[in-house]
Every structure is written in structure tokens, then in C-alpha cells.
Amino acid sequence: MILEIEGLNKSFRSPVKAAGLSGQVRSLVKREYREIRAVRDVSFSVPRGEMLAFIGPNGAGKSTTIKLITGILYPDSGSISVLGMDPHRQRKALSLRIGTVFGQKSQLWYHLPARDSFDLLGSIYNLSAAETARRVAELTQVFELKDFLDQPVRKLSLGQRIRCEIAASLIHSPEILFLDEPSIGLDVVVKARIRDLIKRLNEESGITVFLTSHDAGDIEKLCRRVIVINEGTAVWDGSVKEMKYSLLNRRIIDVKLEEELNLDLEGVTVLKSRPYSAKLEADLNRVDMREVMEALIRHNTIQDINVSTIPMEEVIAHIYENRTAGGVGTWEA
Amino acid sequence: MGSLRKYAAIFRYTFRDQLAYMPAFITGQIFFVVIIFVFFSLWKVIYGTKVLLAGLSLSQTLWYLTFTETVELSKCRIFQTVQNEIKDGSIAYALNRPYSYYGFQTARAMGESLVKLAPIMVLGFLSALLFVGPLPGYLGALPFGLILIIGGLLLNTLWMLNIGLLAFWTEDVTPFYWIFQKLIFILGGMFFPIDLFPDWLQGTARALPFAYSAYWPALTMVSFSREAFLTGLAGQGIYIALLTLTGAALFRGALRKVHVQGG
């Protein structure tokens, strides 16, 4: 296991701003604090080489967890071991073995060619000039940077820049890569390209990838496993595919008909109905797909039918919206 | 310290990165020439028929102001960068790198400051030359003056870095910067040489840290003496050490606060 977390808890004290003038004056003299339990009893472990999606709505405890893992914060209780190290005690030593890409903030020097930033990062990570040169050559090949490596970063397209960003975070051959929103702002084609590169990187170098993203595509295309954090609790830890089925086990059925829809079945909601077509949603926890099909065929003349799963985005939205419900138990399969 | 290489590299690359802004920066510094002209007109009236004021000639005073302005205008407003990184949380990513955040920002700010310094030195030289003629002993004093000017830039950088770190505690640190800047303007002798201050204030002003950002470097340039240079150098050394220690303490306090109250 490259990362082991056991019973992690972390609370913050946040000053409470009292309402009204008298409240404000009072809070100047005596501050009141509210305890926020940012992370509650989170446990998980990650084997070497895994690509893991770590998702949750804003303010759910994601970044607190990452700060705990990287040693910026230390837990109130519970234990963390990253690459066999205690991140808080050995933050600097750990930093030499992890890499980070923060999609919204560049680590490249804007007016210099990416090659210069790579060289600088080589110095920062204590690599010799020869080692840096060797790594840059390798990464140039993997990420196909040759054509623009010597152009100032400001002249690169966003896609090219992100490729350079990811390469930059790999100069020191980290064992764990934290990717925070790597595909933000990219167009569909470039997104797919970046995902391919990350996938290849993981397959070829065996690097462990910790992906934080709100992009359903990133999660589905890259990761087999997903951990969902909500209100400080890990509400889901399992395969991406399974999450889709067990948390929101519904199908969307589009039918083309010769007359108006005639269907009344428990567990099936009619989303849209027009004279010659309809859109239904079947909740497979309440009704069998076979029953739905039989009822449809018995009462209607069907021209065409299309059954699809709920898109990942909706699954995620569903999880996020249920934030007050809390716990996996809410979505019993 | 092997890690010095790291900070030297950060300095070097920022320097090169910032060179791109040089043309725009120089254009922006037309303002500087105007300031020197205003100072010239003002001080000409103040001097009237007097040859010396507190031991300085009109020419020396104008050159003096050129140098204090040089330190002021070359500084990099690093407190804004630090404040922004604290507010948007991206400082967390900087903490995950094998360098000291403080050292990194210092190296970066100095890289930027030194890029600005060169054209300002030239512009200042040309404008003072134009208004009051050459400064006797300029070339001889230059190596020593430059050391103190760069020391002054480092002092200012550390001040601003520490001010930036206050963003962990307050919403906006800009007011602190304003106060600091006014202290440099007045007590640091940026707008008038400390020698013109009333007697009771002179000693204090010379000893306070602000003078080491403006007064001592400029004095060394216009009226060079070994004592002035060495006093300036020693004072800068002491205050650089003190500010670094303060910064380290602020940083530790900040991390503790993040730990208690969250990012």
C-alpha cells in the first residue's frame, strides 16, 4: 500500500460572526467559535499504481484530506502513512516523492520556454543537470512536447500548456501524482488527449494517480475506483461502474411509438410524453427491467427503443445534492 | 547549504522571466523623470541662495533623492502575490515543494527587483545629470552604493513578505503596506535626507530599520565615507536577520492557525 489512512478526523474552529451591531461589538470582546468537523472518520488505502478519483462537492472535506495526506495539516486523531512516511513530520522529504498539478494555477514561468521551467524544477528537486536533461528528454517524448518546448509558455495553447504542466510535475519522477482539475477549460478533443496521456503514463510508469475533478468524463475515463467525500465522510469507496449502478440504479428509456404512450407501472416515471415518442425513467430498485419491457410491448406499438444508463454527471449531482442526508445508507441498493 | 543553489536558480529564472516586461516597465518610468524634475524645482526654491543645507549641496540632495527613489521604484510588490496565494489557497501547493516558501518568494522578488533596478539606475542617472550635472565621485561610490541599494531592496522584500503573511489573520494587508511605505517615505529619509530632521529625531531615524532601505544607501552614493557604508551594511545585516526571524515566526504561527481554523 502506498497510502494508508485509518480513522482520520480533523476539526476546525471557526469564529462565529454574530448578527447585528451589538453582536459585532460583543464578538470583538469575546469571540465565539463553532466547531467544524471537516473530516470524519475517513479510512482508505491505495495500492501502488492505482488511479483513484477523489471527488466531492465544494467544501466537502476534499482539500482538507489532501492537505492531511501531504502533511500541511495533521489529524486530530487517526493515522496517515504515505510512502511509509508520516506526512506531517516528513513533509519536505515527502515532497520530493510526490508531484502536483493544479489546473488553475501554473507552475511554469510565463515568459520563458517550458524547457527553462523544467530546468528550474530540476534544481528545486535537487536533480543534477544531467539527470534533469535526461528526464526532460523522456518527458518530451511521452508528452510530445518537442515542437513547442522552446517557445515561451505564454504563446502555448491551453492544451499544450497543460501537457507541459503535467510533464513539469513529473521531472523528479514522483511516485504519487496529485491532479487537481487537470482538464478544466479544455475542449473535448484536448481533454481526450490529456486523458490518454495520463492513462499511458500510469500504465507505463506505474505512478499512482490521485485525481480530483468535477468532470465526470475524467472520472469515468481514467479511474476504476472512486472515493466520494461529502460532509467530511467518505460516502462511497468503490468502483466507478458500481457507483453508477448502486447509487442511482436507474435507466432512461427513449421510445418511438405509433400512438400515444400507454403505460402505468410502479417505479417508472414518465419524463416526457409526445404523440409519437416518450422518455421514461425506470428505477430498477423498484421494478424489474423485464416487467418494464413487457408492459411497454403489451400496451404499445413500438417503432424504436433506446435504453441508457444515467449519465455519470447526474450520478455525481445526485450524490452532491443529497449532502444533508449523509452516509452511504441513503442510497440503499 | 546545498539548497542555496536552488534559490539562486529561482532568482536567475525569475530575472529572465521578468526581462520580458522591461520595455513596458521603462515606458512606465517616464513618471520617474517627472518626479526628479518636481524634486529639482522644489529643492531649488528651498535652497534659494544657500549653497549647503545640513552639509549637502542642491546637487547632492537631488542625486540623493534619485537613489532613494531608485530603491522605492525597483521593489516588487510581493505582498500582493503572497496575499493572493493565501486567499485562493494555492499556497498549499507551494508548501508541497522541497523549498522554503519564504526563501522561494524572496528569491523571486529579488529577481524581479533587480530587473527593474538596472533601467531605473540608468534613468535616474540621466535625469539627475540633466538637471544638476554630474555627481562627483559617482563611479567610486557606485560599487558600495549598489551593495546597499540591493541590501535595501532585500530589506523591502522581507518587509513586504512579512506584510503579505499577515493575510493569514486579516482580510486585506494593503493598509499595512501603506503604513510601511509612509514610514519609509518619512522616517526612512526617502523624501528628505535625515540630516535635515530636527536634532532629536535624527539619531532615532538613523537607527530605525527604515533608514536602511533608503537613507544609508543614498547617503553612501552622494557623500561616500567608509563609516557610512559600513554602518549601512551592518544595519542592513541586523535588520535582514531580524525580519527573517520575524517572518519565520509569522509563518509558524500561520501554519498553526491553518491547523486550528482550516485553510
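What this report covers is the structure whose coordinates are included nearby.

Right, let's get into the overall build of chain B. Counting its secondary structure elements, chain B contains twelve helices and two strands. Ordered by position from N to C terminus, the α and β elements of chain B give α-α-α-β-β-α-α-α-α-α-α-α-α-α. Relative to the compact-globule value of 18 Å for 263 residues, chain B shows a C-alpha radius of gyration of 19 Å, a close match. Residue burial in chain B is summarised as follows: out of 263 residues, 57% are buried. Considering only residue pairs separated by 6 or more positions, chain B has 79% of its internal contacts joining residues 24 or more positions apart. For chain B, the exposed surface amounts to about 11,200 Å²; the carbon and sulfur share of it is 72%.

Next up on the list: the pairing of strand E1 (residues 3-16) of chain A. Of the strand pairs in this sheet, E1 of chain A and strand E4 (residues 77-82) of chain A are connected by five bridges, and their pairing is antiparallel. Bridged to Glu4 of chain A within E4 of chain A is Ser81 of chain A.

Right, let's get into a nonpolar patch on the surface. There is a patch of nonpolar side chains on the surface, built from Ile30, Val34, Phe37 and Val38 of chain B and spanning about 370 Å² of accessible area. Locating Phe37 of chain B in the fold gives a position in helix H3 (residues 30-47).

What follows covers unusual backbone geometry. Comment: phi is negative for the bulk of residues other than glycine, and the bulk of peptide bonds are trans. At Leu83 of chain A, a residue that is not glycine, the phi angle is positive and equals roughly 50°. If you trace the backbone, Leu83 of chain A turns up in the loop between E4 and helix H3 (91-95). Of note, the phi angle at Ala54 of chain B is positive, near 50°, even though the residue is not glycine. Along the polypeptide, Ala54 of chain B turns up in the loop between strand E1 (52-53) and strand E2 (56-57).

So, on to the environment of Gln181 of chain B. Residue and element names in this part refer to chain B. When you line up the elements, Gln181 lands in helix H9 (residues 174-186). Taking the relative accessible area as the measure of exposure, Gln181 reaches 12% and is therefore buried. As for Gln181 and Trp159, which are separated by 22 residues in sequence, their C-alpha atoms are 10.0 Å apart. Look past the residues within four positions of Gln181 in its chain and what remains in contact with it is Glu72 and Lys75.

With that out of the way, let us pick up the interface of chain A and chain B. Tallying the contact residues gives 33 residues for chain A and 29 residues for chain B. Surface buried jointly by chain A and chain B totals about 3,100 Å² across both partners, of which 58% is contributed by carbon and sulfur atoms. On the chain A side of the contact with chain B, Trp109, His111 and Ile124 of chain A bury the most area, a combined 19% of that side's loss. Put simply, Asp116 of chain A and Arg16 of chain B hold a salt bridge, and the shortest N to O gap is 2.4 Å. In this structure, the connection of chain A to chain B is made through twelve residue pairs in polar contact (both at pLDDT 80 or more). Mapped onto the side of chain A that touches chain B, the elements with two or more residues apiece are E1, H3, strand E5 (98-102) and helix H4 (114-124) of chain A. At six residues, H4 of chain A tops the list of elements feeding residues into the side of chain A that touches chain B. Residue composition of the side of chain A that touches chain B, grouped by class: 16 nonpolar, eight polar and nine charged.

All names here are of chain B. Here H3 contains 18 residues, and its C-alpha end-to-end distance of 26 Å stays within 8% of the 26 Å for a straight helix at 1.5 Å per residue. Turning to H3, its buried residues are Phe32, Ile35, Ile36, Phe39, Phe40, Trp43 and Tyr47. With its buried residues spanning 140° around the axis, H3 presents them on a single face. Exposed positions of H3 whose direction lies more than 90 degrees from the buried face are Ile30, Phe31 and Val45. On its buried face, H3 sits against E1, E2, helix H4 (58-74) and helix H7 (101-132). Where H3 terminates, the next one or two residues include Gly48, which has phi positive at roughly 55°.

All names here are of chain A. Positionally, Ala167 belongs in helix H6 (residues 158-168). For Ala167, a relative accessible area of 0% translates into the label buried. A sequence separation of 53 residues divides Ala167 from Ala114, and the C-alpha atoms of the two residues are 9.6 Å apart.

Among the nonpolar cores identified, the biggest contains 174 residues, and Phe44, Phe118, Phe143, Phe210, Val226 and Met243 of chain A together with Phe67 of chain B are the most heavily contacted of them. If sequence neighbours within four positions are ignored, Phe118 of chain A has contacts with Leu108, Thr132, Val136, Leu145, Leu149, Cys164, Ala167, Ala168 and Ile171 of chain A. Listed in part, the 13 residues of the second largest apolar core include Leu263, Ala282, Val292 and Leu296 of chain A.

The subject of this paragraph is the pattern of salt bridges. All names here are of chain B. Tallied over the full model, the rule gives 24 salt bridges over all chains. A salt bridge links Lys75 to Glu72; the shortest N-O distance between them is 2.9 Å. Lys75 gets classed as buried once you look at its relative accessible area, which sits at 6%.

Mapping Asn156 of chain B onto the fold places it in helix H8 (residues 138-165). With near-sequence residues (within four places) excluded, Asn156 of chain B lies in contact with Val71, Lys75, Phe180, Ile184 and Ser213 of chain B.

Moving on, we get to the pairing of strand E10 (residues 250-257) of chain A. Side-chain direction in a regular strand flips from residue to residue, so the side chains alternate between the two faces of the sheet. Residue and element names in this part refer to chain A. Where E10 and strand E12 (residues 277-283) come together, seven bridges link them in antiparallel fashion. For Asp254, the partnering residue across the bridge sits in E12 and is Lys279. With seven bridges connecting them, E10 and strand E13 (residues 302-309) associate as antiparallel partners. Note that in E13 the partner of Arg251 across the bridge is Thr309.

All names here are of chain B. Axis separation between H4 and H8 bottoms out at 9 Å; the angle between their running directions is 35°. By crossing handedness, the relation of H4 to H8 is classed as right-handed. The residues of H8 that touch H4, namely those facing Trp63, Phe67, Val71 and Ser74, are Tyr138, Ile149, Gly152, Leu153 and Asn156. Of the residues contributing to the contact of H4 with H8, the split by class is six nonpolar, three polar and no charged.

Turning to the packing of aromatic side chains, a few remarks are in order. Inspection of every chain in the model, using the stated rule, returns 31 aromatic pairs over all chains. With 4.9 Å between their ring centres and 35° between their planes, Phe144 of chain B and Phe224 of chain B make a pair best called tilted. Taken as a pair, Phe144 of chain B in helix H8 and Phe224 of chain B in the loop between helix H11 (215-222) and helix H12 (226-261) lie far apart in primary sequence, 80 residues in all. Given the relative accessible area of 38%, Phe224 of chain B is considered partly exposed. Taken together, the ring pairs connect Tyr64, Tyr212, Tyr215, Trp216 and Tyr239 of chain B into an aromatic cluster. Positioned above the aromatic ring of Tyr74 of chain A is the side chain of Lys10 of chain A, whose terminal nitrogen or guanidinium carbon lies 5.8 Å from the ring centre.

Rules of the game
Residues numbered from 1 in each chain as written. Chains lettered and ligands numbered in written order. Predicted model: local features only at pLDDT ≥ 70, side-chain atom pairs only at ≥ 80, totals over all residues. Heavy atoms only, no water. Helix = DSSP H or I, 4+ residues; strand = E, 2+ residues; numbered from the N terminus. Rg over C-alpha atoms; globule rule 2.2 N^0.38 Å. Buried < 20%, exposed > 50% of the residue type's maximum accessible area, 1.4 Å probe, protein only. Contact = heavy atoms within 4.5 Å. Areas by Shrake-Rupley, 256 points an atom, 1.4 Å probe, with all protein chains shown as cover. Pairing = 2+ DSSP bridges. Patch = residues over 30% accessible without salt bridge, like charges linked within 9 Å, V, L, I, M, F, W, Y side chains within 5 Å. Salt bridge = Lys/Arg side-chain N within 4 Å of Asp/Glu carboxyl O. Buried area = accessible area lost by both parts, 1.4 Å probe. Polar contact = N/O pair within 3.5 Å; in protein donor to acceptor, adjacent residues only side chain to side chain. Nonpolar A, V, L, I, M, F, W, Y, C, P; charged D, E, K, R; others polar. Expected span 1.5 Å × (residues − 1). Arc of directions from axis to C-beta. Core = buried A, V, L, I, M, F, W, Y, C linked by side-chain atoms within 4.5 Å. Axes fitted to C-alpha atoms, helices over the stretch in contact; angles between N-to-C directions. Left-handed = near helix turned anticlockwise from the far one by under 90°. Phe/Tyr/Trp six-rings, centres within 6.5 Å; stacked < 30°, edge-to-face > 60°. Lys NZ or Arg CZ within 6 Å of the ring centre and 35° of its normal.

Nothing here speaks to function; it is all geometry.
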